[in-house]
Amino acid sequence: MISDLIGQQALKVFPEMVAFRRDLHRNPEISYKEFRTTERIIAELAALGYEIHRPLQTGCVAVLRGDAGGKGVLALRADIDALPMDEEGEHKQEFISQVPGAAHCCGHDLHTANLLGTAHILASLKAYVAGTVVLVFQPGEEKPPGGARLLMETGLLQKLGVQAIYGLHAYPYAGVGEIALIKGPMMARPDEFELTVHGKGGHAAIPQKTVDPVVIAAQIVTVLQSIVSRNVNPLDAAVVTVGKIAGGSVCNVIPDEVAMLGTIRSFSQALSTQISARIEGMARGIAEAAGATISYRYISGYPAVVNTDWAVDALKQTADGIPGVSVVTLPEPLMAGEDFSFYLQEFPGAYFYLGTGSNEAESNSWNWHHPRFNVDEKAMLTGMSVLAELVLKTKATPHPPIDDV
Ligand SMILES: [Zn+2]
Ligand SMILES: [Zn+2]
């Protein structure tokens, strides 16, 4: 019966949430600058009777205490920031970004509207909500240090007594009605490095008087490819990618230096540190052999996203019971990163992908962060139902199975 009520409420609030998502899409705000977005979210939540906390400059945390008793405290999280990029796509004509250099090309506008829709459903079914629900509208997912980290450092979620947390991400590789997740490690650590080769520039036709950093950098990029194949345990997942290389400006000048930026992906800090040491060591050796020097910096990113087994089971059981929703177990983790990991370092919980691809429109299958990225908004019907069911079916008393306690 409660499932029917949730379904009805989701359908009722859906058109309003589509409009809300499109409004955010037209007016995107980049990480830590989500001022208008925050005001819009708060206006809706306050009207619904939520208790609002503003621990950071942007974003908010909303609390609903259910009328059905119970001591559980369950948190649900949406990230609200846009990317610093320009958008493309006539398929989004009605609601394409009106802000140069800002675009919702990661689907956080959908996450926000989806959680707000869930807030509507839970408020309308407050009589059935046992325990407390904490809705986290988090800023700055796209930019280190990560809004999740900053929020955890304020201690608010700990003070509210959060016992478990769930979050989701728009997923263009699955269709509407599907959710996908995996137990244990689900997303990698995204660490970064900056590497500059300092040589000695000069005339391109008199190379013997120079130390050419272009040739040295080319050797370094090639040799770095052997780290994953020769230094990392073949049973551990890792990636080393040089994503940017910049040096020189014209054809007949050897520049003084070449700068590179790269990313290291893995599932542990220890492995990431080991890879970083190899990058630095190899680069230094090659540069010194050629008479150049390097400067090197390792930038630690978000931890890996590691799901709690019992929370994945709870989510699967909940979603499996909803008509039209199917749960897919991912065959393997993804090497992309996500700051939801900061919550999972302290609370049990699970992160899952919400299918937003669609057969109707090819436009919904563009990759994350692509300027043409879009979502099938009907995914919100699944997303809102899964989150609301999670709260109402578990009576907001998230607890591990008895033998896990
Ligand atoms: Zn993103
Ligand atoms: Zn994202």
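A brief structural summary.

**Concerning the overall build of the chain**
Argument step 1. In terms of helices and strands, the chain carries 10 helices and 16 strands.
Argument step 2. Here the chain has a C-alpha radius of gyration of 24 Å; the compact-globule value for 405 residues is 22 Å, and the two agree.
Argument step 3. Seen along its three principal axes, the alpha-carbon backbone of the chain occupies a region of about 80 × 50 × 40 Å.
Argument step 4. Summed over all atoms, the accessible surface of the chain reaches about 17100 Å², with 54% contributed by carbon and sulfur.

**Overview of the coordination of the zinc ion (ligand 1)**
Argument step 1. Distances from the zinc ion (ligand 1) to its protein donors, Cys106 (SG), Glu142 (OE), Glu142 (OE) and His369 (NE2), fall within 2.0 to 2.8 Å.
Argument step 2. Given four donor atoms and angles of 51 to 148° at the metal, the environment of the zinc ion (ligand 1) is assigned as irregular.
Argument step 3. A separation of 3.1 Å is found between the zinc ion (ligand 1) and the zinc ion (ligand 2), both of which receive a donor from Cys106. One end of the pair, Cys106, is in the loop between strand S3 (73–79) and helix H3 (108–124); the other, Glu142, is in the loop between strand S4 (132–138) and helix H4 (147–154), and 36 residues separate them in sequence. By the burial criterion, Cys106 is buried, and Glu142 matches it.

**Considerations on the sheet that holds strand S13 (residues 293–299)**
Argument step 1. If you trace the four strands from one edge of the open sheet to the other, you get S10-S12-S8-S13, paired in antiparallel fashion. One side of each edge strand has no neighbouring strand; the edge strands of this open sheet are strand S10 (238–246) and S13. Taking the axes of each pair of neighbouring strands and ignoring which way they run, one obtains an average angle of 20° across the sheet.
Argument step 2. Where helix H6 (residues 213–230) meets the sheet, it contacts strand S8 (189–198), S10 and strand S12 (257–266), and its direction lies at approximately 165° from that of S10.

**With respect to the sheet that holds strand S16 (residues 349–357)**
Argument step 1. The mixed open sheet is built from eight strands, whose spatial order is S1-S2-S4-S3-S5-S16-S6-S15. Taken across any chain shown, the strands that pair with only one partner, and hence form the sheet edges, are strand S1 (51–53) and strand S15 (326–329). Recorded for the sheet is a direction-independent mean angle of 30° between the axes of neighbouring strands.
Argument step 2. The sheet contact formed by S3 and S4 spans seven bridges and is parallel. Bridging from a neighbouring strand, Leu76 pairs with Leu135 of S4.
Argument step 3. Lying on the sheet, helix H2 (residues 35–47) is in contact with S1, strand S2 (60–65) and S4; it crosses S2 at an angle near 10°.

**What to know about the packing of aromatic side chains**
Argument step 1. Using the criterion set out here, one finds 10 aromatic pairs in the structure.
Argument step 2. Consider the rings of Tyr302 and Phe342, whose centres lie 5.8 Å apart with planes at 75°: the pair is edge-to-face. Of this pair, Tyr302 sits in the loop between S13 and strand S14 (305–307) while Phe342 is found in helix H9 (residues 341–344), placing the two residues 40 residues apart along the sequence.

**Overview of the pattern of salt bridges**
Argument step 1. Counted according to the given criterion, the structure contains 18 salt bridges.
Argument step 2. Notably, a salt bridge pairs Arg40 with Asp23, separated by 2.7 Å at the nearest N-O pair. In this pair, Arg40 is assigned in helix H2 and Asp23 in helix H1 (residues 2–26), connecting sequence segments 17 residues apart.
Argument step 3. Linking Asp79 and Arg77 is a salt bridge whose minimum nitrogen-to-oxygen distance equals 3.8 Å. Across the pair, Arg77 and Asp79 agree in class, each one buried.
Argument step 4. When salt bridges with common partners are traced through the structure, they connect Arg21, Arg22, Glu94, Asp109 and Glu377 into a single cluster.

**Description of the coordination of the zinc ion (ligand 2)**
Argument step 1. For the zinc ion (ligand 2), the protein coordination sphere consists of Cys106 (SG), His108 (NE2) and His169 (NE2), at 2.1 to 2.4 Å.
Argument step 2. Between consecutive donors of the zinc ion (ligand 2), the numbers of intervening residues give the motif C-x1-H-x60-H.
Argument step 3. His169 sits in the buried class, given a relative accessible area of 5%.

**Here we look at the packing of H1 against helix H10 (residues 379–393)**
Argument step 1. The geometry of H1 relative to H10 is characterised by a closest axis approach of 9 Å and an angle of 140° between their N-to-C directions. With respect to each other, H1 and H10 are oriented oblique. The two elements H1 and H10 cross, and the hand of that crossing is right-handed. Along the contact surface, H1 presents Ile2, Ser3, Ile6, Ala10, Leu11, Val13, Phe14, Met17 and Val18, while H10 presents Met380, Leu381, Met384, Ser385, Ala388, Glu389, Leu392 and Lys393.
Argument step 2. In terms of residue class, the contact of H1 with H10 is made up of 13 nonpolar, two polar and two charged.

**Notes on the environment of Ile2**
Argument step 1. Looking at the secondary structure, you find Ile2 in helix H1.
Argument step 2. In the structure, Ile2 is positioned 247 residues away from Ser249 in sequence and 65 Å away in space, judged by C-alpha atoms.
Argument step 3. Leaving out residues up to four positions away in the same chain, Ile2 has contacts with Tyr128, Leu392 and Lys393.

**Some words on the nonpolar core**
Argument step 1. Val134, Phe137, Leu157 and Tyr166 are the most contacted members of the largest nonpolar core, which has 97 residues in total.
Argument step 2. Discounting residues that sit within four places of it in the chain, Val134 has contacts with Val61, Ala62, Val63, Val73, Leu74, Ala75, Leu76, Leu157, Leu160 and Val162.
Argument step 3. In terms of nonpolar packing, the next biggest core, distinct from the first, is built from 25 residues, Ile216, Leu224, Ile227 and Leu271 among them.

Definitions and cut-offs
Residues numbered from 1 in each chain as written. Chains lettered and ligands numbered in written order. Predicted model: local features only at pLDDT ≥ 70, side-chain atom pairs only at ≥ 80, totals over all residues. Heavy atoms only, no water. Helix = DSSP H or I, 4+ residues; strand = E, 2+ residues; numbered from the N terminus. Rg over C-alpha atoms; globule rule 2.2 N^0.38 Å. Areas by Shrake-Rupley, 256 points an atom, 1.4 Å probe, with all protein chains shown as cover. Donors = N, O, S within 2.8 Å, 3.2 Å for Na, K, Ca; no water. Tetrahedral: all angles 85-135°; square planar, octahedral: opposite > 155°, others 65-115°. Buried < 20%, exposed > 50% of the residue type's maximum accessible area, 1.4 Å probe, protein only. Pairing = 2+ DSSP bridges. Axes fitted to C-alpha atoms, helices over the stretch in contact; angles between N-to-C directions. Contact = heavy atoms within 4.5 Å. Phe/Tyr/Trp six-rings, centres within 6.5 Å; stacked < 30°, edge-to-face > 60°. Salt bridge = Lys/Arg side-chain N within 4 Å of Asp/Glu carboxyl O. Parallel < 35°, antiparallel > 145°, perpendicular 65-115°, else oblique. Left-handed = near helix turned anticlockwise from the far one by under 90°. Nonpolar A, V, L, I, M, F, W, Y, C, P; charged D, E, K, R; others polar. Core = buried A, V, L, I, M, F, W, Y, C linked by side-chain atoms within 4.5 Å.

All quantities given are derived from atomic positions and should not be read as evidence of function.
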